[in-house]
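# Geometric and topological summary
Residues per chain are reported as follows:
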Amino acid sequence: MDFPRILSGNWETPDSHRLTVARSRGVYSRLPKALGMAPADITAVVKDSGLRGRGGAGFPTGMKWTFVPALEKRKGKPVYLLCNADESEPGTFKDRYCLWLDPHLLIEGMIIAARALDVRVGYIYIRGEFRYIARRLDEALAEAYTAGLLGKNILGSGTDFDLYVHVGAGAYICGEETALISSLEGEKGQPKLKPPFPAVEGAWRAPTIVNNVETLAVVPWIIENGAAAYKAIGTEKSPGTKLFSVSGHVRKPGVYEIPLGLPMTTLINEYAGGLLPGRKLKAVIPGGSSVPVMTPAEVELCSMDYESIQTNAGSYLGSGGMIVMDDTTDLVAALTNLLRFYAHESCGQCTPCREGCGWMYQILCRVRDGDATAADLVTLRDLADNIHSKTICFFGASAAMPVQSFLTKFRSEFLDRVQGRGAGAA
Amino acid sequence: MPKVKVNDVELEVPAGTNMIEAAKLAGVEIPHYCYHPHLSVAGNCRMCMCETDTPRGPMLEIACNMQARDGLVIRTETDNVKAVRKSVMEFLLVNHPLDCPICDQSGECRLQDYYMDHGKYDSRGNEAKVGKHKRQDIGEHIMLDAERCVQCSRCVRFGDEITHTGDLALMNRGDHTEIGMFPGMRLEHDYQGNLADICPVGALTSKDFRFQRRVWYLRETASVCTGCATGCNIQVCHQEGEVFRYTPRRNDDVNQSWMCDPGRDRHVAIGSLSRVLRATVDGAPSADAIPELARRIRAAGAGRVGFVLGTQASLEANWAMLQLVRANCPDAKVFWVAGADADAIAKSDTFLMDADKNANTAGVKLLAEWAGNVGDAAALRAADLALLVVLEDDVVSRVGEVLAPALAYLGTQHNPTTAAAAIVVPVAHVVEMDATYLNRQGRVQRARRATNPLGEAVPAYQALDALGAALGRAPGTRMPVATFLAMARVIPRLAGLDYRGLGTNGKLIAPATPAAAEAK
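### As for the overall build of chain A
Looking only at helices and strands, chain A has 17 helices and 8 strands in total. Relative to its length of 426 residues, chain A is compact, with a C-alpha radius of gyration of 22 Å against a globular reference of 22 Å. Judged by the C-alpha coordinates and their principal axes, chain A covers about 70 × 45 × 35 Å. Within chain A, the fraction of its 426 residues that count as buried is 61%. With an accessible surface of roughly 15,800 Å², chain A has 52% of that area assigned to carbon and sulfur atoms. Across chain A, the 45 positively charged side chains and the 45 negatively charged ones have centroids separated by 2 Å.

### Digging into the sheet that holds strand 7 (residues 142-144) of chain B
Judged by pairing direction, the sheet is antiparallel, and its 3 strands sit side by side in the order 6-7-10 (chain B) without closing on themselves. Sheet topology places strand 6 (136-137) and strand 10 (204-206) of chain B at the edges, where each strand pairs with a single neighbour.

### Structural notes on the packing of aromatic side chains
Within the structure shown, the criterion is met by 22 aromatic pairs over all chains. When the ring of Phe341 of chain A is compared with that of Tyr342 of chain A, the centres are 5.3 Å apart and the planes differ by 80°; the resulting orientation is edge-to-face. Residue Phe341 of chain A is classed as partly exposed on the basis of its relative accessible area, which comes to 22%. For Tyr342 of chain A, a relative accessible area of 0% translates into the label buried. With 5.3 Å between their ring centres and 40° between their planes, Trp319 of chain B and Trp370 of chain B make a pair best called tilted.

### Quick look at the sheet that holds strand 3 (residues 49-54) of chain B
Residues and elements named next belong to chain B. Spatially, the 5 strands line up as an open sheet ordered 2-1-5-3-4, and their pairing is mixed. Looking at which strands have only one partner, the edges of the open sheet turn out to be strand 2 (9-12) and strand 4 (57-62). Put simply, the sheet's adjacent strands are angled 30° from each other on average, direction ignored. Across 4 bridges, strand 1 (residues 3-6) lies against strand 2 in antiparallel orientation. When the sheet's bridge partners are listed, Val4 is paired in strand 2 with Leu11. The sheet contacts of helix 2 (residues 79-94) involve strand 3, strand 4 and strand 5 (73-75), and relative to strand 3 the element is tilted by about 145°.

### Some details on the domain arrangement of chain A
All names here are of chain A. Assigned domains of chain A: these are domain 1 (19-231), domain 2 (241-326) and domain 3 (331-418). One C-alpha centre belongs to domain 1, the other to domain 2; they are set 28 Å apart. At the junction of the two partners, domain 1 supplies 17 residues and domain 2 supplies 20 residues. Counting each side, the surface lost to burial between domain 1 and domain 2 is near 1,300 Å², with a carbon and sulfur contribution of 53%. On inspection of domain 1 and its partner domain 2, the count reaches 2 salt bridges. Linking Glu214 and Lys242 is a salt bridge whose minimum nitrogen-to-oxygen distance equals 3.0 Å. There are 13 residue pairs in polar contact (both at pLDDT 80 or more) connecting domain 1 and domain 2. Those elements that provide at least two residues to the side of domain 1 that touches domain 2 are helix 5 (95-101) and helix 9 (213-231).

### Structural notes on helix 7 (residues 131-146) of chain A
Residue and element names in this part refer to chain A. Along its 16 residues, helix 7 runs 23 Å from first to last C-alpha, staying within 8% of the 22 Å computed at 1.5 Å per residue. Those residues of helix 7 lying buried are Ile133, Ala134, Arg136, Leu137, Ala140, Leu141 and Ala144. Viewed end-on, helix 7 has its buried residues packed into an arc of 160°, placing them on one side of the element. With respect to the buried face of helix 7, the exposed residues turned more than 90 degrees away are Arg135 and Thr146. Gly148, located one to two residues past helix 7, shows a positive phi value of around 75°.

### Focus: the environment of Tyr246 of chain B
Residue and element names in this part refer to chain B. Relative to the helices and strands, Tyr246 resides in strand 13 (residues 242-248). Of the residues examined, Tyr246 reaches a relative accessible area of 4% and is grouped as buried. Residues Tyr246 and Arg304, 58 residues apart in the sequence, show an inter-C-alpha distance of 42 Å. For Tyr246, the residues in contact, after removing those within four places along its chain, are Ile234, Gln235, Val236, Met259, Gly263, Arg264, Arg266, His267, Ile270, His429 and Val431.

### Some remarks on the packing of helix 6 (residues 103-117) of chain A against helix 7 of chain A
All names here are of chain A. At a minimum axis separation of 10 Å, helix 6 and helix 7 run at an interaxial angle of 60°. Looking at the two axes, helix 6 sits oblique to helix 7. Seen along the crossing, helix 6 lies across helix 7 with a hand that is right-handed. Across the interface between the two elements, Pro103, His104 and Ile107 from helix 6 touch Leu137, Ala140, Leu141, Glu143 and Ala144 from helix 7. Considered class by class, the residues forming the contact of helix 6 with helix 7 number 6 nonpolar, 1 polar and 1 charged.

### Things to note about a nonpolar patch on the surface
Residue and element names in this part refer to chain A. On the surface, a cluster of nonpolar side chains totalling about 260 Å² of accessible area is made up of Phe59, Met63 and Phe67. Here Phe59 lies in the loop between helix 3 (39-49) and helix 4 (61-66). On the accessibility criterion, Phe59 (39% relative accessible area) is partly exposed.

### Structural notes on the interface of chain B and chain A
One widely used convention gives an interface's size as the accessible area the parts lose upon coming together. Contacts between chain B and chain A engage 32 residues on the former and 34 residues on the latter. Between chain B and chain A, the buried area comes to about 2,600 Å², and carbon and sulfur atoms account for 51% of it. When the shortest N-O distance is used, the salt bridge between Arg124 of chain B and Asp382 of chain A registers 2.7 Å. Where chain B packs against chain A, one counts 16 residue pairs in polar contact (both at pLDDT 80 or more). Of all elements in the fold, only strand 4, helix 2 and strand 8 (168-171) of chain B reach the threshold of two or more residues within the side of chain B that touches chain A. Partitioning the side of chain B that touches chain A into residue classes produces 15 nonpolar, 11 polar and 6 charged.

Scoring rules and cut-offs
- Per chain, the residues get numbers from 1 upward, laid out in the order the sequence is written.
- The order in which chains are written sets their letters, starting at A; the order in which ligands are written sets their numbers, starting at 1.
- Reporting of local features is limited, given that this is a predicted model, to residues whose pLDDT is at least 70; pairs of side-chain atoms are given and counted only at 80 or more, and all residues count toward the totals for whole chains, interfaces and linings.
- In computing side-chain values, all of the structure's heavy atoms are included and hydrogens and water are not.
- Counting from the N terminus, the helices are DSSP H or I runs at least four residues long and the strands are E runs at least two residues long.
- Radius of gyration here is computed from C-alpha atoms only, and the compact-globule reference equals 2.2 Å multiplied by the residue count raised to the power 0.38.
- Exposure is judged per residue with a 1.4 Å probe applied to protein chains only, and the accessible area is read against the type maximum: over 50% gives exposed, under 20% gives buried, and values in between give partly exposed.
- Computed with a 1.4 Å probe, the accessible areas rest on the Shrake-Rupley method; for each residue, only the protein chains presented here act as cover.
- Here Asp and Glu are counted as negative and Lys and Arg as positive; His is not counted, and neither are the chain ends.
- Every charge is mapped to an atom, namely NZ of Lys, CZ of Arg, CG of Asp or CD of Glu.
- For two strands to be treated as a pair, DSSP must find no fewer than two bridges joining them.
- Note on aromatic pairs: the rings of Phe, Tyr and Trp (six-membered ring only in Trp) are paired at centre separations within 6.5 Å, and the planes decide the class, stacked below 30 degrees, edge-to-face beyond 60, tilted for the rest.
- Helix axes use the C-alpha atoms of the stretch in contact, all axes being lines fitted to C-alpha atoms, and the angles between their N-to-C directions lie in the range 0 to 180 degrees.
- Any two residues whose heavy atoms approach within 4.5 Å are treated as being in contact.
- Those domain boundaries reflect an automatic or database domain assignment.
- Throughout, buried area stands for the accessible area (probe radius 1.4 Å) lost by two parts on being put together, summed over both.
- A pair is scored as a salt bridge if a Lys or Arg side-chain nitrogen falls within 4 Å of a carboxyl oxygen belonging to Asp or Glu.
- Contacts described as polar in this section are N or O atom pairs within 3.5 Å, which, within protein, must combine one atom able to donate a hydrogen with one able to accept it, while residues neighboring in sequence count only if both atoms come from side chains.
- Every helix has an expected span of 1.5 Å times one less than the residues it contains.
- Note: the arc covers the axis-to-C-beta directions of the helix.
- Note that the term roughly parallel is reserved for angles under 35 degrees, roughly antiparallel for angles over 145, roughly perpendicular for angles of 65 to 115, and oblique for everything else.
- Each crossing gets its hand from how the near helix is turned against the far one by less than a right angle, where anticlockwise is left-handed and clockwise is right-handed.
- Charged means Asp, Glu, Lys or Arg here, nonpolar means Ala, Val, Leu, Ile, Met, Phe, Trp, Tyr, Cys or Pro, and polar covers whatever is left, Gly included.
- Put simply, a patch holds well-exposed residues, over 30% relative accessible area, that have no salt bridge, with like charges counted together within 9 Å and Val, Leu, Ile, Met, Phe, Trp or Tyr side chains within 5 Å.

As C-alpha cells, then:
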C-alpha cells in the first residue's frame, strides 16, 4: 500500500534528532509558508483536514482550536499551547519515538499551532520517566533557538514563540489534560471540574490548548500538502495516518505508521509479523489498556479507524496502543495486573474511583488466587458499573471498561476460576 | 432570573445559583459531603449526582457544579439517582473503620445520616481495609483521624480560601489518599474549631468537645457570641443547664459559617470558678445587696453618684440603667467607657476578630447619644464621686484606677472591679437570658435564653428593675420583650423593631445621621 510516512519518515535516518539532519529531511521547511498565513487560515486548513486528536479521545483538532476565545473576549489573557507528552497509557509507546527520533518535527508543528492560536508561550509536558528524552528535547530546543526558529521574531516573520520542556513526576493521571494543567501549575496532579473547559479557562486560568505529540507533529505536513491531501489518506471520518504501538504475543512488536482504515488483521499479521508459531489469538486490546478488550471474532471484523472499532467491537481506537494476547494468556491474571495499575494510579479525588479501583483489584487478586466465589464476580461487575462515568475525569471509566469487557467477553475464564477449575497459569 | 425545575417544582432562582441551593429553595435536600456554601466547588464526593436533561438524553451530573440556567431540569429521586447515592455510600464506607461507638461525630455524622437515608445495603466488603494515621494532634484545638476521613477536601479548601494558611493537604493517591499537615506544620490560626464543624465525618474533631457529651443529648439555642463587636451568630449547645460548646450559626451578612476559637472558648466561663454567683456586701454574702445598694445611693446624694453603662451588657440592661437614673436620681452622672486595650488589638484581624472585645459598644453609643449628657472615660476620671455603680464593665482594669471611694458592681465574672467593689450583684450570663446586642455593623441581634442563671444571678435588666423599685420607682424592665419595645418606641433608630422582627439573622438599624447614610 502506498501512503506517505508523515510521522515516522525520518526515523531511520541516522542522527535524525539533530537540527541539520532534520532540516535536510524537510523539517522546518513548512514554517515560512505557515508564518505567512493568517492564523485563522491555518486553523481552517487543520479543521478541513479532519485531523483528530491522537491522544486517545479522537476529538477533531481544528474544532478544538476554534474554542479559544477571541482576543477581546479573553480580556487580554494569553493563550497557552501545551503538548501532552505524558504518554502513560499501558501498551502505548509511540510518542516516545516521535520525541526521541524527530523532536524538531514536533517543534515545527508547535510553532505553526502557536501562530494559529496567537500563542507566545508553550510547554512540552513530558512524563517523569522520560527524563532522558527530556534532555534530548532540551538540546533540540537549544538548537532551534540558536537557529532563530524559536524566541522573538521567528524567521523575521514577527511571530514570537517561547517553548519550554516541563518534566512531570510520573503520574498516569497527568496525561488527562486538566490534571496535566494542575501539575504544570505546580499543584498536585489532579483533574479539574469541567466546565470551564481548558480552551476557555485552562493553565493559570487562561485559554489553553492541549494537544498530543502525534497530533502536533502532523500539522506541518497538512500545511505543506493541504487538507485535501490529508483527507485522501485513511477513511472519510478517520483521515490520515496514525502510529500504532503493537505489543504482546506478536513476532515483531513495535510502532507502525499505517493509514487509518487498514484491516486489524493486516496490522497484526503483516506489519507485526503475526503470532508466534503454533499459537492462536485469544484477545486484543486495541487502543491502550483502558479500552474494552476484543475477541478474535471481533478482530476479524474491524479495521483500524475510530468508527469501525466502535461499531463492530464496542471498543475504541484510543491511543493506538494494541496489546495482542495469544492462547497462553491467563486473562484473569492479565486483568488483575491492569487493575493493579489503575488502583495505584487513581488520583484519589472522586469517591467511586478512589475506593473502587483498590476494591476491584483486591477482589481480582482473590479471583486469580482461587479464593473467590461467583458472588464476588457480581460485586466486581457492579463496582465497575458504579465507577464508570460517575467521576470528574475519564479515569474511572478507563478502569471500569477493562473489567466490564473482560467479564462479559471472557466470562467462562472467570467462572472457571471461581469454581476452582482454572487453567492455573497464575 | 432563570426558571429551573427541581422534580415537579418550577421556581425562579438568582442567576448563578448552584442546583444544591436551588433545590433547597424548592424544599428538596440533595445529599452532599464536599460542597459547602462558603467554599469553592470541588465536586469530588459525587454524592450530589442528580439526573438532568441534556441534548444526549438524561444524564447524571453533580448538582454542586450545575449553575441554574433557564429551562434546567433536575430530578433528585429517580432510580438512577438513588442507585448512585447508594453506591457512593458503599464506596465511602468500604475503607471506613465503622467505629461509631467511640467516635465523637456520632449523631451529627453525614456518613451515619446518609447511610440511613440513602444507603442501607448489605455489606459486600470482604477485603482488608486500608489503614491510615490515627489520633494525630495537629493543632491546639483539633485532632485528626485519617481513617474516618472521606477526602471531601473541605478542610483543605478552608485552609486555602478562608484562613489562607495552606496547612492541610491531601497526601498520596488512590485509596491511600489521606488528609494531613505539611511536615513540620501545625494549625496556627485562630479559626481551628471551624475545621471540626465543616468536617462532615469524624476525621477532624474538637479537642475541647471530644468525649464530653453525645450530641443527641444536646439542645441547641440560637444566640450570638459576645466575645467582640462582630457578634458572630452561634448555637449554644447545652444539656440540663450545662453548656458544652458554641458552634457557629450561618449568617451570610455577619460571620458566614465561621467563628473564632477565642469566641468558641467563651462557654468555659459560664460555670467557671471566676463566675460571680453570690451577692456580697462589704465582702460578706448578703441577701439584701440591692436594698443596701439603694440605701447607699440615697446616702451618697444624687449629685455624687455615678453610673457606668456596660459595653459588655445588653441593650436592655443599659436601657434599664438609664431609665433607673432618669426615674430615681436624675442628678446622678452617667458614663461609658469606649475602646479596646492593647492585648485585644493584638488578638484581632480583618476577618471576624474585632479589636473591640465588647459586644455592645455600638449599642451603648446609640443609647448614650439618645440620652445625651453621658460622660466618657476622661469625664469619669475627673468626676468627684462618692459611689460608682458599674454595669458589667471592668472599669478598674480599663480605666486603670478605682475612681470612687465606693464601687458597686453588677456582673458575671470576678475581676479587679469586683475585688474593689463594696457591693457585688451577680447577673445572668448571655446564655441565661433573652437580650439584644448591637454589633459593629449596626445590626441588632438576639441572644436567647438557653439555660437558667447560675447561683443567685438574674438578668441585669431585672436586677436594675429591682434596684429601681428599692429606690422608689422601678424602670419596668423585668420583661425583655417589653423592654425592647419600650426602647424601640422612643429611639428613632430602633423604630419599628421588635423581637420577632429581628428573626434569626438580626436587623441592620438606620445609620446615625443622614450624612452617615450618604457616606454608605
